[in-house]
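Chain by chain, the residues run as shown.
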Amino acid sequence: MHQKVIYYQDELNDEFAGDAIQARLIDDKYKYYHKSIFKSFTHFFWYRVIATPIAYAYMKFKFKHKIVNRKVVKPFKKKAYFIYGNHTHNLADAVIPTMVASPTDTHVIVHANNVSMPYLGRITPSLGAVPLPDTKEAMRNFTDCLEYRIKQKRVIAIYPEAHIWPFYTKIRPFKSMSFSYPIRYGTPVFCFTNTYQKRKRSKNPRIVTYVDGPFFPNLELTGKEQREDLRNRVYNTMVKRSENSNIEIIKYVKRETEV
């Protein structure tokens, strides 16, 4: 089978998700969380009754999904924490954090596209989607939401690479900014690395997810140094885990290099 090739220029900003969704503006009018009984019920219904069983079935039958070392999060199942992962699949990336953190509810920080889709965009917030803000006013609401979820002892998932590169088998460089959250809220950090591995009788690769942690800030460092140090330890761990990929569905080539 001919291997697909994608050319890129900027590892930090190029996006290959393949959707053409017109993102809504996330401003001060966007309601990040609700406390009503009705909204609690809709969250339970969509998250536990509908999405979770479908997610498990999809990952099992489509990718024979396996999670390695999930035991490291079990001592923290009644505590809040942040979890970081590599961003390499449109659908799988929406459900894998939930599977890693189960039975704790997980909220995933996402691009506004995820709450802008017709019909489905109204449901994704009930599934845990937390869109990044576009204005200063919305930023206050966003941070209030994170603080509220931390108090609820929920898990916050972040994809620090920010952009989807389907089936990419390495770890792209990412910034340290998002690591300020666990430092601010005093929570542990975990990471998960999705790898793609060969299967004998299927054209679909097997997704094997490796979980690592906990990581804690080095309190002997300054705030910025803590953030950089935490980022580097998570990044290096993910790079090492990514070496377990042994199949390349899509080849990514930088434009100034030859295929």
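See the structure above.
Fair warning: this is a prediction, and the values are worked out from it, not measured in the lab.

Novice: Would you mind going over the packing of helix H1 (residues 37-63) against helix H2 (residues 92-101) with me for this structure?
Specialist: Angle between the axes and distance between the axes: these two values describe a pair of packed helices. Interhelical geometry of H1 versus H2 gives an angle of 105 degrees and a closest axis separation of 10 Å. Accordingly, the angle class assigned to the pair H1 and H2 is roughly perpendicular. Taken together, the residues of H2 that come into contact with H1 (itself represented by Tyr-47, Ala-55, Tyr-56 and Met-59) are Ala-92, Val-95, Ile-96, Thr-98 and Met-99. Taken together, the residues of the contact of H1 with H2 break down into eight nonpolar, one polar and no charged.

Novice: Any chance you could explain the side chain of Arg-154 here in plain terms?
Specialist: Take Arg-154: it is sitting in the loop between helix H4 (136-151) and strand S6 (155-158). At a separation of 2.8 Å, a polar atom in the side chain of Arg-154 contacts the side chain of His-107. If we skip the residues at most four places from it in the chain, Arg-154 touches His-43, Ala-80, Tyr-81, Thr-104, Asp-105, His-107 and Arg-149.

Novice: When you look at the packing of aromatic side chains in this model, what are you seeing that I'm missing?
Specialist: For any pair of aromatic rings, geometry is given as the distance between the ring centres together with the angle between the planes. Under the defined criterion, the tally for this structure stands at 22 aromatic pairs. The interplanar angle of 10 degrees and the centroid separation of 6.5 Å between the aromatic rings of Phe-82 and Tyr-185 together place this pair among those described as stacked. Of this pair, Phe-82 sits in strand S3 (residues 81-85) while Tyr-185 is found in helix H5 (residues 180-185), placing the two residues 103 residues apart along the sequence. Look at Tyr-185 and you get buried, because its relative accessible area is 19%.

Novice: How do you make sense of the environment of Lys-66 when you look at a structure like this?
Specialist: For Lys-66, the position within the fold is in strand S2 (residues 66-68). Relative accessible area serves as the criterion here: at 39%, Lys-66 is assigned to the partly exposed category. Between the C-alpha atoms of Lys-66 and Asn-194, which are 128 residues apart in sequence, the distance is 9.7 Å.

Novice: What's the story with the layout of surface pockets in this structure? I'm lost.
Specialist: Summary: where empty space remains is shown by rolling a probe the size of a single water molecule over the atoms. Roughly 530 Å³ of volume is contained in the second largest pocket. Breaking the lining of the second largest pocket down by element, the ones donating at least two residues are H1, helix H3 (120-123), strand S5 (129-131) and H4. It is H1 that provides the largest number of residues to the lining of the second largest pocket, a total of four residues. Residues belonging to the lining of the second largest pocket are distributed by class as follows: 13 nonpolar, eight polar and seven charged.

Novice: Help me understand the nonpolar core, please; the structure alone is not making it clear to me.
Specialist: As a rule of thumb, nonpolar side chains are buried together in soluble globular proteins. Membership of the largest hydrophobic core comes to 60 residues, with the highest contact counts inside it found for Met-59, Tyr-81, Phe-82, Ile-83, Tyr-181 and Val-234. The residues touching Val-234, leaving out its near neighbours within four places in the chain, are Tyr-84, Phe-179, Val-189, Cys-191 and Phe-215.

Novice: Which parts of the structure should I look at to understand the side chain of Ser-178?
Specialist: Turning to its location among the elements, Ser-178 is positioned in the loop between S6 and H5. The exposure class assigned to Ser-178 is buried, which follows from its relative accessible area of 15%. Those residues within four positions of Ser-178 in sequence are excluded, and the remaining contacts are Tyr-84, Ile-158 and Pro-160.

Novice: Explain the sheet that holds strand S7 (residues 189-197) to me, please; I cannot follow it from the model alone.
Specialist: Whenever strands of a sheet pair, they do so through backbone hydrogen bonds, lying parallel or antiparallel. Read across the open sheet, the seven strands follow the order S2-S8-S7-S3-S6-S4-S5; overall the sheet is mixed. Both edges of this open sheet fall to S2 and S5, since each of them pairs with a single strand only. Along the sheet, successive strands turn relative to each other by an average axial angle of 25 degrees, direction set aside. When S2 meets strand S8 (residues 206-215), the two strands line up parallel, connected through three bridges.

Novice: Which parts of the structure should I look at to understand the pattern of salt bridges?
Specialist: As a working rule, side chains carrying opposite charge can pair if their charged atoms are close by. Applying the stated criterion to the full structure yields seven salt bridges. The salt bridge partner of Asp-105 is Arg-154, with a shortest N-O separation of 4.0 Å. One end of the pair, Asp-105, is in the loop between H2 and strand S4 (106-110); the other, Arg-154, is in the loop between H4 and S6, and 49 residues separate them in sequence. The residue Glu-243 makes a salt bridge to Lys-240 at a minimum N-O spacing of 3.7 Å.

Novice: Mind showing me how you'd approach unusual backbone geometry here?
Specialist: The bulk of non-glycine residues show a negative phi, and the bulk of peptide bonds are trans. The peptide bond linking Ser-102 to Pro-103 adopts the cis configuration, its omega dihedral lying at 15 degrees. Relative to the assigned elements, Pro-103 resides in the loop between H2 and S4. Backbone torsion omega between Gly-213 and Pro-214 reads 0 degrees, so that peptide bond is classified as cis. Mapped onto the elements of the fold, Pro-214 is located in strand S8. Phi is positive for Lys-64, close to 45 degrees, though the residue is something other than glycine.

What counts and what doesn't
Residues numbered from 1 in each chain as written. Predicted model: local features only at pLDDT ≥ 70, side-chain atom pairs only at ≥ 80, totals over all residues. Heavy atoms only, no water. Axes fitted to C-alpha atoms, helices over the stretch in contact; angles between N-to-C directions. Helix = DSSP H or I, 4+ residues; strand = E, 2+ residues; numbered from the N terminus. Parallel < 35°, antiparallel > 145°, perpendicular 65-115°, else oblique. Contact = heavy atoms within 4.5 Å. Nonpolar A, V, L, I, M, F, W, Y, C, P; charged D, E, K, R; others polar. Polar contact = N/O pair within 3.5 Å; in protein donor to acceptor, adjacent residues only side chain to side chain. Phe/Tyr/Trp six-rings, centres within 6.5 Å; stacked < 30°, edge-to-face > 60°. Buried < 20%, exposed > 50% of the residue type's maximum accessible area, 1.4 Å probe, protein only. 1 Å grid on protein atoms, 1.4 Å probe; cavity = no way out; pocket = protein on both sides within 12 Å on 5 of 7 lines; lining within 4 Å. Points joined across faces, edges and corners; volume = space filled by probe spheres on them. Core = buried A, V, L, I, M, F, W, Y, C linked by side-chain atoms within 4.5 Å. Pairing = 2+ DSSP bridges. Salt bridge = Lys/Arg side-chain N within 4 Å of Asp/Glu carboxyl O.

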